[in-house]
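Coordinate inspection notes
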Amino acid sequence: MHPSVRQKSSPVSSKMGNRDSWHESLARAIRDPDVLIERLGLPRESLEPARRASQLFPLFVPESFLQRMEPGNLTDPLLMQVLPLDVENRTSPEAAIDAVGDTQSRRAPGLLHKYHGRALMIATGVCAVHCRYCFRRHYQYDLEPRRLDEWEPALEVLSRDESIQEVLLSGGDPLMLTDSRLTELIRRLDVIPHLKRLRIHSRMPIVLPNRVSQPLIDLLTESRLTPIMVVHANHPREIARDCEQSLRQLVRSGITTLNQSVLLRGINDNADTLTELSERLINVGVIPYYLHQLDLVQGATHFQVDESAGQSILAELRTRLPGYAVPQYVRELPGQPHKTPL
């Protein structure tokens, strides 16, 4: 989600019920720290730090996500994920610009290949929310494809490598692409015979739920490739209202829907919160998939939780939840051929 990238999109006609189109919702998203702080009635002393930190990594919060926050509460767990802080401008010796080794795994413009049988496409550099802990907050999205013809080198690599059976669309957030752009890209993947599965990693069903529409469902389910949706929620209060509705729509369409979270200090670093998150996900049919140890990217180390604390939390989750509701606790290490279990 590169700060300088802006996406121009044409309106879509589909709506879910009487909700606005996702483009209209996106246009109303909050980009100004002054507006966020005024809307939530936050202390004025939080304004200058937010302005400074947003110069490095801009603020971006959709209205739907804002509506789930508690006014006046600086420690609201949803607000803490998006509010810029001065601490982001401090350099940490333990942190990196490329915390997960994306650069060394780049095989073509927009194409990363880290794990056997799977490859990842950076479908776009923009997101519907700017999470302050983002491990790609420094990624050079301006070097990646924007037009369909610029994807030719990556598609050629995928066509030649028959060991790759699954393609992941990531970013940024791939659902920031219009349905027509997604259709074009998926059609090109669909004709590569050894590809079997299409996985989409997106936060939009959580933070901008009206992105989930029947045309999107049709696009994903009509492809030859088996669709898998991986959403990203960190706290149980995210699974509410229109978000709950959109997740149910994904699940009931037959799309395998998984959730991945990041263990974040002060937000979800306790068994009670993560138990409730798993229960809310399971209640709408979404399977808790991964709980990630924080990727140590510059600007986000204040979210770090000790690994030993994370292991204790997971041990407690196993006593409270059925096995299918307990996420795998993992971290990503540069150069490793798989996620590392913790």
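Residues numbered from 1 in each chain as written. Predicted model: local features only at pLDDT ≥ 70, side-chain atom pairs only at ≥ 80, totals over all residues. Heavy atoms only, no water.

Turning our attention to the pattern of salt bridges. Pairing of side chains with opposite charge becomes possible as their charged atoms draw close. If you walk through the whole model with that rule in mind, you get 26 salt bridges. Among the salt bridges present, the one from R52 reaches D86, with a minimum N-O distance of 2.6 Å. Of this pair, R52 sits in helix α3 (residues 47-56) while D86 is found in the loop between α4 (63-66) and β1 (106-108), placing the two residues 34 residues apart along the sequence. With a closest N to O distance of 3.8 Å, E332 and K339 form a salt bridge. Residue class for E332 comes out buried when judged on its relative accessible area of 13%. Residue classification places K339 among the buried positions, given a relative accessible area of 18%. (Salt bridge = Lys/Arg side-chain N within 4 Å of Asp/Glu carboxyl O. Helix = DSSP H or I, 4+ residues; strand = E, 2+ residues; numbered from the N terminus. Buried < 20%, exposed > 50% of the residue type's maximum accessible area, 1.4 Å probe, protein only.)

Next up on the list: the side chain of E332. Its place among the elements puts E332 in the loop between β9 (328-331) and β10 (340-341). At 2.7 Å, the side chain of E332 and the side chain of K114 are in polar contact. Side-chain polar atoms of E332 contact the side chain of Y115, separated by 3.4 Å. In contact with E332, other than residues within four places in its own chain, are V100, K114, Y115, D295 and K339. (Polar contact = N/O pair within 3.5 Å; in protein donor to acceptor, adjacent residues only side chain to side chain. Contact = heavy atoms within 4.5 Å.)

Burial within strand β4 (residues 166-170) is extensive, with five of its five residues counted as buried. Side-chain alternation along β4 places E166, L168 and S170 on one buried face and V167 and L169 on a second face that is also buried. Note: strand β3 (residues 118-122) against β4, five bridges, orientation parallel. When the sheet's bridge partners are listed, A119 is paired in β4 with V167. Examined bridge by bridge, β4 and strand β5 (residues 197-201) share four bridges and lie parallel to one another. Considered in β5, the bridge of E166 is made with R197. Between β4 and its parallel partner β5, the chain crosses via helix α6 (residues 179-190), and the hand of that crossover is right-handed. (Pairing = 2+ DSSP bridges. Right-handed = clockwise from strand over helix to strand, strands pointing away.)

This part covers helix α5 (residues 152-160). Buried residues of α5: A154, L155, V157 and L158, and no others. Buried residues in α5, looked at end-on, bunch into an arc of 155 degrees, giving them a common side. (Arc of directions from axis to C-beta.)

With that settled, the discussion passes to the sheet that holds β3. Pairing is mixed across the open sheet formed by ten strands, whose spatial order is β1-β2-β3-β4-β5-β6-β7-β8-β9-β10. The open sheet has two free edges, formed respectively by β1 and β10, since each of these has just one partner strand. As paired strands, strand β7 (residues 256-262) and strand β8 (residues 287-292) are joined by five bridges and run parallel to one another. In the strand pairing of β8, S261 is matched with L291. The strands touched by α6 within the sheet are β3, β4 and β5, with β4 carrying the most contacts at an inclination of about 160 degrees. Against the sheet, helix α11 (residues 307-320) engages β8 and β9, with an angle of about 165 degrees to β9. (Axes fitted to C-alpha atoms, helices over the stretch in contact; angles between N-to-C directions.)

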